Amino acid sequence: MKFATKAIHAGVHPDPSTGAVMTPIFQTSTYAQTSPGQHKGYEYSRTHNPTRTALQDSLAALENGTHGLCFSSGMAAIDAVVKLLKPGDEVIAANDLYGGTYRIFTKIYADFGIKFHFVPMHNMDEVRKNLNANTKLLWVETPTNPLLNVISIAEAAAIAKSNHLLLAVDNTFATPYLQNPLDLGADIVMHSLTKYMAGHSDVVMGALIVKDEALAQRLAFIQNSCGATPGPQDCFLILRGIKTLHLRMQRHCENAAQIANFLDTHPKVERVYYPGLPLHPSHEIASKQMRGFGGIVSFVLKGDDIDEARRVMETIKLFTLAESLGGVESLCTHPASMTHASIPKAEREKNGLRDTLIRLSVGVEDVEDLIEDLAQAIG
Ligand SMILES: *Cc1c(COP(=O)(O)O)cnc(C)c1O
């Protein structure tokens, strides 16, 4: 089945008891048994819930996996992956990560005896240099946030395979519409469903997708044991969002490309970060690995003046100044003080994230209105 058909049909079936075409919201914590241990596959909603099952099956289909597992947030999904590890184990992660991922690694799991190395993964020699007998997991996020660096999943997978490591890929920015990490050799795909998958900025949820039965069972055990599972109402909302994922992503990509071009030629803009621009350092690998360049555009104004950047963010109207991304409405973020404030300034700057960088989550509005708004704000 092709992507658009899967987005609409995978995992969902008319409800057998009523014929309801849309998956019902099974707002129940428990399920009747006819005799002790005799049930229809559902015992308790932390473990399984039919609305969640439909969503998990849909996600597995979209990522070309066999098992989907939903969590109450993207962070809870990341948390479940780290719980596959033991004290003494080591992780090699990209150095340009979502702030919350960096925070859980360094502020929570480092205290549990897990060691993290943060390296620039566009150069796989940096990964090889940090490998040792304790390395168990490679953590990749691509494209990265907010600099839109693209990391080769196939190259990371080759290192993971030859060293018997797990490779997990945070696919939040690309979505399965633009890339399928499992097809490129990853073991685990992670999503903050909060973003493009939900698409309407009204739910917080996360997911993992795998294609290995044993790994799926280990993660399902963690999911059920630790209990960070989402409710059925939220699962319903993500299912509804997914039905238009392909339409939204197509427009996000088109609008973002036009905005990147507009900013790139604007006399007051020093630098634009968008993998679709031929001069972006990741353009070549992005063109190979992704089916489009996504909806996020970051930029820095000439002069590198924080007051000027602040003025633009205060003056812009259609782009709401807010955290998060991936909704139909355009948002604008100041990573240094918002999404990436949990990364120390020195670490941010070492990785090329300047305090004057503005990140846009380009929505699906009319692009002429968005460009007009940017033009008036930049002045
Ligand atoms: C938002 C985000 C997360 C965290 O997900 P939540 O749903 O907010 O917990 C992880 N990775 C990336 C790339 C994100 O954008």
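Computed from a predicted model, the values in this text were never measured in an experiment. (Residues numbered from 1 in each chain as written. Predicted model: local features only at pLDDT ≥ 70, side-chain atom pairs only at ≥ 80, totals over all residues. Heavy atoms only, no water.)

### Description of the overall build of the protein
- Assigned secondary structure in the protein consists of 14 helices and 12 strands.
- Relative to the 2.2 N^0.38 estimate, which gives 21 Å for 379 residues, the radius of gyration of the protein is 21 Å and therefore close to what a compact globule would have.
- With respect to the three principal axes, the spread of C-alpha positions in the protein is 75 × 50 × 35 Å.
- A separation of at least 24 residues holds for 72% of the contacts in the protein among residues at least 6 apart in sequence.
- Per element, the accessible surface of the protein, about 16000 Å² overall, is 54% carbon and sulfur. (Helix = DSSP H or I, 4+ residues; strand = E, 2+ residues; numbered from the N terminus. Rg over C-alpha atoms; globule rule 2.2 N^0.38 Å. Contact = heavy atoms within 4.5 Å. Areas by Shrake-Rupley, 256 points an atom, 1.4 Å probe, with all protein chains shown as cover.)

### Describing the nonpolar core
- Ranked by size, the top nonpolar core spans 48 residues in total, and within it Trp139, Leu167 and Leu208 carry the most contacts.
- Looking at this core element by element, the count peaks at 6 residues for helix α3 (residues 74-82).
- In this structure Leu208 touches His67, Gly68, Leu69, Phe71, Ala77, Ala80, Val81, Ile188, Val189, Met190 and Leu219, once residues within four positions along its chain are discounted.
- Ranked by size, the runner-up nonpolar core spans 39 residues in total, among them Ala54, Leu182, Ile209 and Leu245. (Core = buried A, V, L, I, M, F, W, Y, C linked by side-chain atoms within 4.5 Å. Buried < 20%, exposed > 50% of the residue type's maximum accessible area, 1.4 Å probe, protein only.)

### Focus: the site of the ligand
- In the neighbourhood of the ligand, 13 residues make up the surrounding shell, with Met75, Asp170, Ser192, Thr194 and Lys195 lying closest.
- Backbone polar atom of Gly74 to an oxygen atom of the ligand: 2.9 Å apart, as the coordinates give it.
- Within the contact set of the ligand, a nitrogen atom lies 2.7 Å away from a side-chain nitrogen or oxygen of Asp170.
- In isolation the ligand exposes 380 Å². Once the protein is present, 93% of that is buried. (Near = heavy atom within 4 Å. Polar contact = N/O pair within 3.5 Å; in protein donor to acceptor, adjacent residues only side chain to side chain.)

### Let's talk about the domain arrangement of the protein
- By the assigned domains, the protein splits into domain 1 (11-242) and domain 2 (245-378).
- Summarising the inter-unit geometry, the C-alpha centres of domain 1 and domain 2 are found 26 Å apart.
- Contact with domain 1, which involves 38 residues of that partner, is made by 41 residues of domain 2.
- Carbon and sulfur atoms make up 60% of the surface buried where domain 1 meets domain 2, a total of about 3300 Å² over both sides.
- Of all residues in domain 1, the largest losses of buried area upon contact with domain 2 belong to Tyr177, Leu178 and Tyr196, amounting jointly to 24% of the total for that side.
- If you look at where domain 1 meets domain 2, you find 0 salt bridges.
- Residues that form the side of domain 1 that touches domain 2 fall into these classes: 21 nonpolar, 15 polar and 2 charged. (Domains from an automatic or database assignment. Buried area = accessible area lost by both parts, 1.4 Å probe. Salt bridge = Lys/Arg side-chain N within 4 Å of Asp/Glu carboxyl O. Nonpolar A, V, L, I, M, F, W, Y, C, P; charged D, E, K, R; others polar.)

### A few points about the side chain of His334
- You can see His334 is positioned in the loop between β11 (331-333) and α13 (345-350).
- Note on His334: relative accessible area 10%, which makes it buried.
- Polar contacts involving the side chain of His334 include one to the main-chain carbonyl oxygen of Asp355, which spans 2.5 Å.
- Not counting residues within four places of it along the chain, the set of residues in contact with His334 comprises Ile306, Met313, Thr339, Asp355 and Leu357.

### Examining the environment of Pro232
- Within the secondary structure layout, Pro232 lies in helix α9 (residues 232-242).
- You can call Pro232 buried: its relative accessible area is 12%.
- A C-alpha to C-alpha distance of 6.2 Å links Pro232 and Gln27, two positions 205 residues apart in sequence.
- The residues touching Pro232, leaving out its near neighbours within four places in the chain, are Ile25, Phe26, Gln27, Asn49 and Thr51.

### Some points on unusual backbone geometry
- Looking along the chain, the bond that leaves Thr142 and enters Pro143 is cis, with omega of -5°.
- Cis geometry marks the peptide bond from Asn145 to Pro146; its omega dihedral reads 5°.
- By the secondary structure assignment, Pro146 is in the loop between β4 (135-141) and α6 (153-162).
- One non-glycine residue with positive phi stands out, namely His164, at about 55°.
- Tracing the backbone through its elements, the reader meets His164 in the loop between α6 and β5 (166-170).
- Residue classification places His164 among the exposed residues on the basis of a relative accessible area of 73%.

### Things to note about the pattern of salt bridges
- Considering all chains together, one arrives at 14 salt bridges under this definition.
- One salt bridge connects Arg354 with Asp304, and the closest N-O pair in it is separated by 3.3 Å. Here Arg354, found in the loop between α13 and β12 (358-361), pairs with Asp304, found in the loop between β9 (296-301) and α12 (306-315); they are 50 residues apart in sequence, far enough to count as distant.
- Judged by relative accessible area, which is 35%, Asp304 ranks as partly exposed.
- What emerges from the salt-bridge pattern is a single network uniting Lys345, Arg348, Glu349 and Asp355.

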